[in-house]
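# Structural overview
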Number of protein chains: 2
Amino acid sequence: MAGIAHLVIMAGGVGSRFWPMSTPAVPKQFLDITGEGRTLIQRTADRFASLVPPERMWVVTAKQYAPLVREQLPEIPAANLLLEPCMRNTAPCIAYAGWKIKAVDPEAAIVVSPADHVVTDVAEFRRVIAHSLAFVTDRPAILTLGMKPTRPETGYGYIAVAAGQTQGILPVESFREKPSLAVAESYLAEGRYFWNSGLFLWHVRTLEAAFRTYTPALADLFDRMSAAFYTPDEQRAVDALYPECQSISIDYAVMEKASDLYVCPADFGWSDLGTWGSLHTLLPKDECDNASVGDRVKLVDSRHCIVHVPSGKRVVVEGLDGYIVAERDGTLLICRLQDEQHIKEFSR
Amino acid sequence: MAGIAHLVIMAGGVGSRFWPMSTPAVPKQFLDITGEGRTLIQRTADRFASLVPPERMWVVTAKQYAPLVREQLPEIPAANLLLEPCMRNTAPCIAYAGWKIKAVDPEAAIVVSPADHVVTDVAEFRRVIAHSLAFVTDRPAILTLGMKPTRPETGYGYIAVAAGQTQGILPVESFREKPSLAVAESYLAEGRYFWNSGLFLWHVRTLEAAFRTYTPALADLFDRMSAAFYTPDEQRAVDALYPECQSISIDYAVMEKASDLYVCPADFGWSDLGTWGSLHTLLPKDECDNASVGDRVKLVDSRHCIVHVPSGKRVVVEGLDGYIVAERDGTLLICRLQDEQHIKEFSR
């Protein structure tokens, strides 16, 4: 039953791969990356708006981003912002939200979503989420959304499924790391591999049981913190104990160990926007395969480029093939798309 | 005798080839193009400072640039700014200054200088100017400074000289338009060709006589305007009659017709800074032949580039070979150096 769903938005990333557009001060989830007038975290909340009321939306983020979240998502109650005093990867972040939710709603179904992904077919997205919520409400399953691969992408992790579907949902056989191109091509040909979207759903009881089973030390820390939840001492308790959490992703902490794992195959135009290349793929292109965000950008004798500048910024690009041209807050980057893995180094 | 010299700085250009660094609002003579802390017109006045006192410096420019000249050259009396109501090329500009000067100093020797050129050896420049002033004070000669060519440059006009030097100064045989590369190479080999610098000297009597002989209509217009010179009506008279002047360069109007033309060969590290390429040549380069103006510019795996951005602007350029990267007032240009002749089109 979707009516009691909660949404947990993970919004603590620093977005270093999109420098200089994304910076530690304002990482990509807080930016209007696609130039459509809403930031990525706003678009994330928007696409859940008809499924989850704001008082059941939770945002876990670093303390310094609290003002950005408040400003961009004013409809979410301030009490639903969970502020990490330090970065500890996704497992502690999700445990924090889970322990908070179970204290007020022990029958909650929970969707966990990154704040910085993109979905183009929102209607289909909502249909899949509603279907998936019903699935995890009825059984102790961990359900991930598996994206039907459309190309042999080497930038994503994959999930292999076994046979035996229930309501169109398939059991997980195993998680696979980012593959080589040859392996990605075989996955695509085989047809039983899906992109791991990082979107997953579970009942709060399933969440708690998983943490208690696979990461008991983490569960213990949140048991201790939870004594102060919903009291004036909460932040103080979190600040004191959260740093003791192991820094570990939910994939390593839970997913790769758990049973009762399922995949809901989905096809709603998803991208994790993890690279400039993925943004280039997503944006509309001109006849020379150039994508631009910015309202005064002129490309002359150029192809396969992505230009991302603030609105009002006048740019003339002549004679570039396969480059990123990006500017934010007075910092300009010009870089070959094929060399974007070096961007983190440039930003230092 | 250099003691009675006057300097006429021609500062009416719009500098469209250096867009976006140079714009019609603030053309290149008013910019610190080389990043050394003084604008080109300031450096022009500076290099004459020991030869000509400020009250004998005259600046001819468009009306809209008067505030820039006042701000950048506060030592020059406001009355020495001659304001053109419209662009009429260099001949009317020089005639205006000439008629103004002859009214107050009929024994003046005059140096005419563009506002936007660069000289690297200022001591040698001053020696050449002093020597040249003495030459034109003593005789009715028009003396141009001819730069010893150091490469087969196709971007400059040339002057061919005849034999028979006087005090190291040679008679002009003819002026030559910008040559092809093959012709420029033959000029360089032959040794009697010099780059036309646009710097020239003459006695005010020689100037007046030349205009009366070769452009009598222009001389007549300035005779009429001069009735109002040094009165409150001057600008009104200039505004009324200056537009009637033929728009013509001093080269076409006088130089290519006059006799008594001479060249003083000179070698003081001159550039007309007419192109991004010439600025690249002039500026210091890193080990990969990159030149940059700006204090936070980082070039990675790039060569033969010129980066020109405001101080404080952070720029990372990766993987470019032979490009211009220039920004001013929120406008960014990225363009192949070899295509810089198209820049005028981009600026529209």
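Residues numbered from 1 in each chain as written. Chains lettered and ligands numbered in written order. Predicted model: local features only at pLDDT ≥ 70, side-chain atom pairs only at ≥ 80, totals over all residues. Heavy atoms only, no water.

### Some points on the overall build of chain A
Within chain A, the regular secondary structure consists of eleven helices and 17 strands. For a compact globule of 348 residues, the expected C-alpha radius of gyration is about 20 Å, and chain A comes in at 21 Å, within 12% of that figure. In chain A, which comprises 348 residues, the proportion classed as buried is 55%. Distance between charge centroids for chain A: 2 Å, based on 34 positive and 42 negative side chains. (Helix = DSSP H or I, 4+ residues; strand = E, 2+ residues; numbered from the N terminus. Rg over C-alpha atoms; globule rule 2.2 N^0.38 Å. Buried < 20%, exposed > 50% of the residue type's maximum accessible area, 1.4 Å probe, protein only. Lys, Arg positive; Asp, Glu negative; His and termini not counted. Charge placed at Lys NZ, Arg CZ, Asp CG, Glu CD.)

### Details of the packing of aromatic side chains
Residue and element names in this part refer to chain A. Taken as a whole, this structure holds 36 aromatic pairs over all chains when the rule is applied. Between Tyr96 and Phe222 the ring centres are 6.1 Å apart and the planes differ by 25 degrees, which places this aromatic pair in the stacked class. Placement of the pair is Tyr96 in helix H3 (residues 90–104) and Phe222 in helix H7 (residues 216–226), with a sequence separation of 126 residues. Residue Tyr96 is classed as buried on the basis of its relative accessible area, which comes to 1%. (Phe/Tyr/Trp six-rings, centres within 6.5 Å; stacked < 30°, edge-to-face > 60°.)

### Topic: the sheet that holds strand S13 (residues 296–300) of chain A
An order of S13(A)-S15(A)-S17(B)-S16(B)-S14(B)-S12(B) is seen for the six strands of this open sheet, with the pairing classed as mixed. Two strands close off the open sheet at either side, each with one partner strand: S13 of chain A together with strand S12 (291–293) of chain B. This sheet shows a mean twist of 5 degrees between the axes of neighbouring strands, independent of strand direction. Pairing geometry for strand S16 (residues 323–328) of chain B and strand S17 (residues 331–336) of chain B, over six bridges, is antiparallel. Bridge pairing links Ile324 of chain B to Cys335 of chain B in S17 of chain B. (Pairing = 2+ DSSP bridges. Axes fitted to C-alpha atoms, helices over the stretch in contact; angles between N-to-C directions.)

### Concerning a positive patch on the surface
A cluster of basic residues, Arg17, Lys178, Lys344 and Arg348 of chain A together with Lys298 of chain B, forms a positive patch at the surface. Within the secondary structure, Arg17 of chain A sits in the loop between strand S1 (5–10) and helix H1 (40–48). (Patch = residues over 30% accessible without salt bridge, like charges linked within 9 Å, V, L, I, M, F, W, Y side chains within 5 Å. Areas by Shrake-Rupley, 256 points an atom, 1.4 Å probe, with all protein chains shown as cover. Salt bridge = Lys/Arg side-chain N within 4 Å of Asp/Glu carboxyl O.)

### Section: the sheet that holds strand S17 (residues 331–336) of chain A
The six strands lie next to each other as S12(A)-S14(A)-S16(A)-S17(A)-S15(B)-S13(B), forming an open sheet whose pairing is mixed. The open sheet has two edge strands, strand S12 (291–293) of chain A together with strand S13 (296–300) of chain B, and neither has a second partner. Each strand axis lies, on average, 5 degrees off the axis of its neighbour in the sheet, ignoring direction. Inspection of the sheet shows strand S14 (residues 306–308) of chain A paired to strand S16 (residues 323–328) of chain A by three bridges, in the parallel sense. By the bridge assignment for S16 of chain A, His308 of chain A is matched with Ala326 of chain A.

### Focus on the packing of H3 of chain A against H7 of chain A
Residue and element names in this part refer to chain A. Relative to each other, H3 and H7 sit at 45 degrees, their axes nearing to 10 Å. The orientation of H3 relative to H7 falls into the category oblique. Between H3 and H7 lies a crossing whose hand is right-handed. For the pair H3 and H7, the contacting residues are Ala91, Pro92, Ala95, Tyr96 and Trp99 in the first and Leu218, Ala219, Phe222, Asp223 and Ser226 in the second. (Parallel < 35°, antiparallel > 145°, perpendicular 65-115°, else oblique. Left-handed = near helix turned anticlockwise from the far one by under 90°. Contact = heavy atoms within 4.5 Å.)

### What to know about the environment of Pro216 of chain A
All names here are of chain A. By the element assignment, Pro216 lies in helix H7. Its relative accessible area of 47% is what places Pro216 among the partly exposed residues. C-alpha separation for the pair Pro216 and Phe229, spaced 13 residues apart in sequence, amounts to 19 Å.

### Details of the interface of chain B and chain A
Counting from both sides, the interface comprises 27 residues of chain B and, opposite them, 27 residues of chain A. Both sides of the chain B and chain A interface together cover about 2300 Å² of buried area, and 48% of this is carbon and sulfur. For the chain B face of the interface with chain A, the top three residues by lost area are Arg314, Glu318 and Ile334 of chain B, together amounting to 29%. Linking chain B to chain A there are six salt bridges. The salt bridge involving Glu318 of chain B is made with Arg336 of chain A; its shortest N-O contact spans 3.5 Å. In this structure, the connection of chain B to chain A is made through 22 residue pairs in polar contact (both at pLDDT 80 or more). For the side of chain B that touches chain A, the leading source of residues is S17 of chain B, giving six residues. Bridge count for strand S15 (residues 314–318) of chain A against S17 of chain B is four bridges, and the pairing is parallel. Paired with Arg314 of chain A across the bridge in S17 of chain B is Thr331 of chain B. (Buried area = accessible area lost by both parts, 1.4 Å probe. Polar contact = N/O pair within 3.5 Å; in protein donor to acceptor, adjacent residues only side chain to side chain.)

### A closer look at unusual backbone geometry
Of note, the bond from Trp19 of chain A into Pro20 of chain A is cis; its omega dihedral lies within 30 degrees of zero at 5 degrees. With respect to the helices and strands, Pro20 of chain A occurs in the loop between S1 and H1. Non-glycine residue Tyr230 of chain A carries a positive phi angle of around 60 degrees. Mapped onto the elements of the fold, Tyr230 of chain A is located in the loop between H7 and helix H8 (234–241). The phi angle at Asp329 of chain B is positive, at roughly 50 degrees, despite the residue not being glycine. Residue position: Asp329 of chain B is located in the loop between S16 and S17. With relative accessibility at 64%, the residue Asp329 of chain B sits in the exposed group.

### Quick look at the confidence of the model for chain A
Averaged over every residue, the pLDDT of chain A is 94; residues scoring 70 or more account for 99%. Complex prediction metrics read pTM 0.85 and ipTM 0.82. (pLDDT = per-residue confidence, 0-100.)

### Some thoughts on the relation of the copies chain B and chain A
The two copies are related by a screw motion: chain B maps onto chain A through a turn of 180 degrees and a shift of 0.1 Å along the axis, at an RMSD of 0.0 Å. Such a combination of turn and shift is consistent with a two-fold rotation axis. The fraction of interface residues of chain B whose copies in chain A are also interface residues reaches 100%, indicating that both copies meet through the same surface. (Least-squares fit on C-alpha atoms with pLDDT ≥ 70 in both.)

### Looking at the pattern of salt bridges
Tallied over the entire structure, the rule returns 43 salt bridges over all chains. Across the pair Arg192 of chain A and Glu173 of chain A runs a salt bridge, and its minimum N-O distance is 2.9 Å. One end of the pair, Arg192 of chain A, is in the loop between helix H5 (181–190) and strand S9 (193–203); the other, Glu173 of chain A, is in strand S8 (residues 170–176), and 19 residues separate them in sequence. Judged by relative accessible area, Glu173 of chain A falls into the partly exposed class, the value being 42%. With its nearest N and O atoms 2.5 Å apart, the salt bridge here joins Asp301 of chain B to Arg336 of chain A.

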